[in-house]
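Coordinates in review
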Amino acid sequence: MLALLAVIGGVAWWALRSERTPETFQGYVEGYLTYAAPELGGRIEKLAVDSGSQVKVGQFLFQISSETQTAQRAEAIARLQQAQSILANLQASLQRPEEIAVLQAQERQAQAQLVLSTAELERQRTLLARGIASQATYDQAKATNDRDKAALEAVERQIQAGRIPARIAEIAAAEAAVRAAQGSLDEANTNLAKLTVTASVEGQVQDVFFRPGEVVNAGQPVLSLLPPWNRRIRFYVPEPKLATIKLGDTLGVTCDSCPSGLAAKITFISRDVEFTPPVIFSLEERAKLVFRVEATPIGDAMLPIGLPVNVIPPEVQ
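Here's what I pulled together on the structure shown here.

Reading guide: rules and limits
- Numbers given for residues are sequential positions, taken from 1 along each chain in its written order.
- In keeping with the model being predicted, local features are shown solely for residues with a pLDDT of at least 70 and side-chain atom pairs are shown and tallied solely at 80 or more, while totals for entire chains, interfaces and linings include all residues.
- Excluded from the side-chain calculation are hydrogens and water; included are all heavy atoms of the structure.
- A helix here means a DSSP run of H or I that spans at least four residues, while a strand means a run of E at least two residues long, and both kinds are numbered starting from the N terminus.
- Only protein chains enter the area calculation, which uses a 1.4 Å probe; residues under 20% of their type maximum are buried, those over 50% are exposed, and those in between are partly exposed.
- Surface accessibility follows the Shrake-Rupley procedure with a 1.4 Å probe radius. Residue values consider only the protein chains on display as shielding.
- The contact criterion used is simple: two residues touch if any of their non-hydrogen atoms lie within 4.5 Å.
- Here, two cysteine sulfur atoms that lie within 2.5 Å of each other are counted as a disulfide.
- Paired strands, as defined in this entry, are two strands with at least two bridges between them according to DSSP.
- Aromatic pairs are defined between Phe, Tyr and Trp rings, using the six-membered ring for Trp, whenever the two ring centres lie within 6.5 Å; interplanar angles under 30 degrees are classed as stacked, those over 60 as edge-to-face, and all others as tilted.
- The charge count includes Lys and Arg as positive and Asp and Glu as negative, but it does not include His or the ends of the chains.
- Any Lys or Arg side-chain nitrogen found within 4 Å of a carboxyl oxygen on Asp or Glu counts as a salt bridge.
- Counted as a polar contact is a pair of N or O atoms within 3.5 Å, where, for protein atoms, one must be capable of donating a hydrogen and the other of accepting one, and residues adjacent in sequence contribute only when both atoms are in side chains.
- Exposure above 30% relative accessible area and the absence of a salt bridge qualify a residue for a patch, where like charges join within 9 Å and nonpolar side chains (Val, Leu, Ile, Met, Phe, Trp, Tyr) within 5 Å.

So, on to the overall build of the protein. The number of helices and strands found in the protein is five helices and 14 strands. Per-residue burial over the protein gives 32% buried out of 317 residues. Accessible surface, the protein as shown: approximately 19,600 Å² in total, 56% of it carbon and sulfur.

So, in structure tokens, the structure goes:
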């Protein structure tokens, strides 16, 4: 009888042992979303995607109404044209260095003529005093000398007019005004471009928070994107089991209706202990102190966000 009980007990123990499932950790799929928001607020004019849409980098997402920015750009163009016209007028009235060089050559020629006419005038004055030259000859020499003086003065004044410091300062101010107007135009073009929002990453549109006709503030997300590489497996490990895993370990992942062979690599282990969160629906586990662990899925399986999973540690794979 005792032998029979021993055999039955052994069979029962073996059956229970063979049916025992490996110890796993409970977790779920989490995603780090990328939010698409306008840099400038306004009314949404056009929305090109919807929840579930797959987008690529640079793909058009939505457009903010641009009436105000278009008017500002037109004003900036007009101001730039006005500043350029003022600068052109000032530059036209200021003689160029080449023109100054020509006037300087004329100045030297006038000075030489004046030297000659002055010498001739002095000679005629001497001859007139001696009674050798006539009064008409002296008057002719004086008229020639006066003409050469006037010619030299005219050239000098032209050179001075071409180098007026006040005019140079006006041109410098006009050039600064042109640069400022160009800066305003560049800013208007930049603001206009900011109203067209494109995808900064590839991925799937998860949620759309605003629709055409609604008004959003600057920096307020209009939609969220989930890049494929931003999925994580988040699970919780009891303190006694923490020593069995480490960063870089490859874990098995199973779930209902999931393909076989899923795996993930540990990328984060929290240093702070916490209670099992309510999302882990297990009466046995929810009161335990655990450590949060995250692992990146390996392969191309696109697990849906929030999907409950079981994580198999390396020691039981």
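Right, let's get into the environment of A110. Within the secondary structure, A110 is located in helix α3 (residues 97-130). A relative accessible area of 10% means that A110 is categorised as buried. A110 has contacts with A151 and L152, leaving out every residue within four places of it along the chain.

Looking now at the state of the cysteines. This structure, assessed with the given rule, holds one disulfide. In this model C255 forms its disulfide with C258; the gap between the sulfur atoms is 1.4 Å. Judged by the torsion about the S-S bond (-75°), the C255/C258 disulfide is left-handed.

Before going further, it helps to examine the sheet that holds strand β9 (residues 223-226). Taken in spatial order, the four strands of this open sheet run β2-β9-β7-β4, and their pairing is antiparallel. The open sheet terminates on both sides in strands that have one partner only, identified here as β2 (34-36) and β4 (54-55). Bridge count between β4 and strand β7 (residues 203-208): two bridges; the pairing is antiparallel. Its bridge partner lying in β7, V55 is registered against G203.

A word on the packing of aromatic side chains. Scanning the model with the defined rule gives two aromatic pairs in all. Here the aromatic rings of F25 and F235 are separated by 6.0 Å at their centres, their planes lie at 10°, and the arrangement is stacked. In this pair, F25 sits in strand β1 (residues 25-31) while F235 sits in strand β10 (residues 231-238), placing the two residues 210 residues apart along the sequence. There is no split in this pair, since F25 and F235 are both buried.

Moving on, we get to the side chain of R231. Mapped onto the elements, R231 comes out in strand β10. This buried residue, R231, is left without a salt bridge; E202 holds the nearest opposite charge, at 9.9 Å. A distance of 2.8 Å separates a polar atom in the side chain of R231 from the backbone oxygen of L303. R231 has contacts with E30, G31, Q204, L226, T296, P297, M302, L303 and I305, leaving out every residue within four places of it along the chain.

Time to look at a nonpolar patch on the surface. Taken together, L33, Y35 and F209 make up a surface patch of nonpolar side chains, about 280 Å² in accessible area. Tracing the backbone through its elements, the reader meets F209 in the loop between β7 and β8 (215-216). When its relative accessible area of 37% is taken as the criterion, F209 is described as partly exposed.

Right, let's get into the pairing of β7. Where β7 meets β9, four bridges bridge the pair, whose relative direction is antiparallel. Following the sheet pairing, V208 is matched in β9 by L223.

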